[in-house]
Amino acid sequence: MTQIMMPQALELWLEFALVAAIIVFAGIRLSRYGDVIAEKTGLGRTWIGVLLMAAVTSLPELITGASSVILFDVPNIAVGDVLGSCMFNLLILAMLDVHTGYSLPLSSRAHRGHVVTAAFGVLLLGIASLSLAAPSAVPRIGWFGASSVLFIVIYFVAMRTIYLDERKRIIHEVAEQAQYGEISKARAFTLYGLNAALVIAAATYLPSIGERIAESTGLGGTFVGTFFIAIATSLPEIVVSAAAIKMGAIDLAVGNLLGSNVFNIWILGLDDLLYRKGPLLSHVTPTHLIAAISAIIMTSIALVGLSYRAEQKRLFLAWDSLGLAAVYGIGTYVLYSLS
């Protein structure tokens, strides 16, 4: 039996490595052409990160959620993936703070406009937490919960608000010198689309691979979705954000991660519309509330970091990054102990 299982396990990890390599290859280029589009259109790195980059890198969560509620009837995987990804995206911020090697914290190098995105993230996660804590108290609209309508409406309000805020910032700031004069706008959109398609195509396999790896552990659906599947589906965010940081496009990276969390809660609303057995959040275990509250605490720490703007790191990473890592670790441990 062991001799049979070992080749299967090796084949599974090789499959994961191949998909990861494709995402790394395309993700680096996706960051570059996202930055070009931000320059050519004048829309700003924050809004491009929050809208274009976040939507592309969050598609694995969308695919996982849809397949979980439509094909496999595993609502805990769908909800766990969304909330776990919100936690992990914020952990990526801490990881990037270490990766940059600068003495100035990452939160101090990003502009304050990200506070708007983070605040919308707290709002959406708060509504999700209330719905998880008292699902019977949430009014129903047909087969889905009223909170899901709020998720979808607030997402579009958030995109509009962030766009207007970014436009005001760009108007009042001195225009940056053009960096991509040799690349036309049409070429930038074309190459962005091609690399986005490559990331999406590769990322569609991540949920399946992550689920097969997770099944071998024998852990519960809540922990599997929140930890294993969430990490697998967050690989595009890691690659794209790290590539953006390397290019010096800090706002593109931070906008991508915070925007992905807002988009993830929109996905939660969509999953509820697709789940025909009743409100999605009333068909999952209450332990998902741990992930939701952890994500709220982590986003609040990020908000303080973006607002306070510390002038130096006391350790190898800033205090806010240390807080993000600590809350992620504690939240994951609690979920594991309850699985």
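Residues numbered from 1 in each chain as written. Predicted model: local features only at pLDDT ≥ 70, side-chain atom pairs only at ≥ 80, totals over all residues. Heavy atoms only, no water.

Colleague: Tell me what's going on with the packing of aromatic side chains, and back it up with residues and numbers.
Modeller: If you walk through the whole model with that rule in mind, you get 7 aromatic pairs. Residues Y155 and W266 carry aromatic rings whose centres are separated by 5.9 Å and whose planes lie at 40° to one another, so their mutual orientation is tilted. With Y155 in helix α7 (residues 146-172) and W266 in helix α12 (residues 250-274), the pair connects residues that are 111 residues apart, well separated along the chain. Each of the two residues, Y155 as well as W266, counts as buried. One aromatic cluster in this structure is built from Y155, F156, F263 and W266. Over the ring of F25 we find R29; its NZ or CZ atom is 3.9 Å from the centre of that ring. (Phe/Tyr/Trp six-rings, centres within 6.5 Å; stacked < 30°, edge-to-face > 60°. Helix = DSSP H or I, 4+ residues; strand = E, 2+ residues; numbered from the N terminus. Buried < 20%, exposed > 50% of the residue type's maximum accessible area, 1.4 Å probe, protein only. Lys NZ or Arg CZ within 6 Å of the ring centre and 35° of its normal.)

Colleague: Tell me what's going on with empty space enclosed by the protein, and back it up with residues and numbers.
Modeller: One pass over the full model with this rule turns up 2 cavities of 30 Å³ or more. Taken together, L93, D97, L106, S107, V254, A302, L306, D320, S321 and L324 make up the full set of residues lining the largest cavity. Contributions of two or more residues to the lining of the largest cavity are made by α4 (75-100), α5 (106-109), α13 (288-308) and α14 (319-338). Take the lining of the largest cavity: its biggest share by element is 3 residues, from α14. A breakdown of the residues in the lining of the largest cavity according to their chemical character gives 6 nonpolar, 2 polar and 2 charged. As a volume, the second largest cavity reaches approximately 50 Å³. (1 Å grid on protein atoms, 1.4 Å probe; cavity = no way out; pocket = protein on both sides within 12 Å on 5 of 7 lines; lining within 4 Å. Points joined across faces, edges and corners; volume = space filled by probe spheres on them. Nonpolar A, V, L, I, M, F, W, Y, C, P; charged D, E, K, R; others polar.)

Colleague: Tell me about the environment of Y333, and please be specific about residues and values.
Modeller: Within the secondary structure, Y333 is located in helix α14. Considering only alpha carbons, one finds Y333 and F223, 110 residues apart in sequence, at a separation of 9.8 Å.

Colleague: Lay out a nonpolar patch on the surface in plain terms, naming residues and giving numbers.
Modeller: The grouping of L18, I22, F25 and L198 at the surface amounts to a nonpolar patch, some 350 Å² of accessible area in total. The greatest single-element share of the nonpolar patch, amounting to 3 residues, is contributed by helix α1 (residues 2-41). Tracing the backbone shows L198 in helix α8 (residues 185-203). (Patch = residues over 30% accessible without salt bridge, like charges linked within 9 Å, V, L, I, M, F, W, Y side chains within 5 Å. Areas by Shrake-Rupley, 256 points an atom, 1.4 Å probe, with all protein chains shown as cover. Salt bridge = Lys/Arg side-chain N within 4 Å of Asp/Glu carboxyl O.)

Colleague: Explain α14 residue by residue, including any values.
Modeller: For an α-helix, the turn length of 3.6 residues means that residues three or four places apart are oriented alike. Its 20 residues give α14 an end-to-end C-alpha distance of 29 Å, which sits within 8% of 28 Å, the value for a rise of 1.5 Å per residue. Turning to α14, its buried residues number three or more, namely D320, S321, G323, L324, V327, Y328, G331, T332 and L335. All buried residues of α14 fall inside an arc of 155° around its axis, so they share one side. In this structure, α14 carries I330 and Y333 as exposed residues pointing more than 90 degrees from its buried face. (Expected span 1.5 Å × (residues − 1). Arc of directions from axis to C-beta.)

Colleague: How would you summarise the nonpolar core if you had to cite specific residues and measurements?
Modeller: One broad rule of soluble globular proteins: the nonpolar side chains tend to lie buried together. Counting 85 residues, the largest nonpolar core has L30, L83, L93, Y192, I265, L268 and M298 as the members making the most contacts within it. Per element, the largest residue contribution to this core is 13 residues, and it comes from α4. If we ignore the near neighbours within four places in the chain, the residues touching M298 are M87, L90, L91, L324, V327 and Y328. Counting residues in each nonpolar core, the second largest holds 9 residues, with V19, A202, L235 and V239 among its members. (Core = buried A, V, L, I, M, F, W, Y, C linked by side-chain atoms within 4.5 Å. Contact = heavy atoms within 4.5 Å.)

Colleague: Quick rundown of the packing of helix α3 (residues 59-70) against α12? Include the residues and the values.
Modeller: One way to put it is that α3 packs onto α12 with a least axis distance of 9 Å and a crossing angle of 20°. When the axis of α3 is compared with that of α12, the two are roughly parallel. Helix-helix and strand crossings are classified by hand; for α3 and α12 the assignment is right-handed. On α12, the residues that touch E61, L62, G65, A66, V69 and I70 of α3 are N264, W266, I267, L270, D271 and L274. Grouping the amino acids of the contact of α3 with α12 by side-chain chemistry returns 8 nonpolar, 2 polar and 2 charged. (Axes fitted to C-alpha atoms, helices over the stretch in contact; angles between N-to-C directions. Parallel < 35°, antiparallel > 145°, perpendicular 65-115°, else oblique. Left-handed = near helix turned anticlockwise from the far one by under 90°.)

Colleague: Mind laying out the confidence of the model for the chain, listing which residues take part and the relevant values?
Modeller: The predicted model of the chain has a mean per-residue pLDDT of 87, with 90% of residues at 70 or higher. Counting interchain partners and residues more than four positions distant, the pLDDT-below-50 stretch residues 1-5 has 0 contacts. (pLDDT = per-residue confidence, 0-100.)

Colleague: Tell me about unusual backbone geometry, and please be specific about residues and values.
Modeller: Positive phi, normally seen in glycine, also occurs at D73, with a value near 55°. Within the chain, R309 stands out as a residue other than glycine whose phi angle is a positive 60°. The class for R309 is partly exposed, based on a relative accessible area of 21%.

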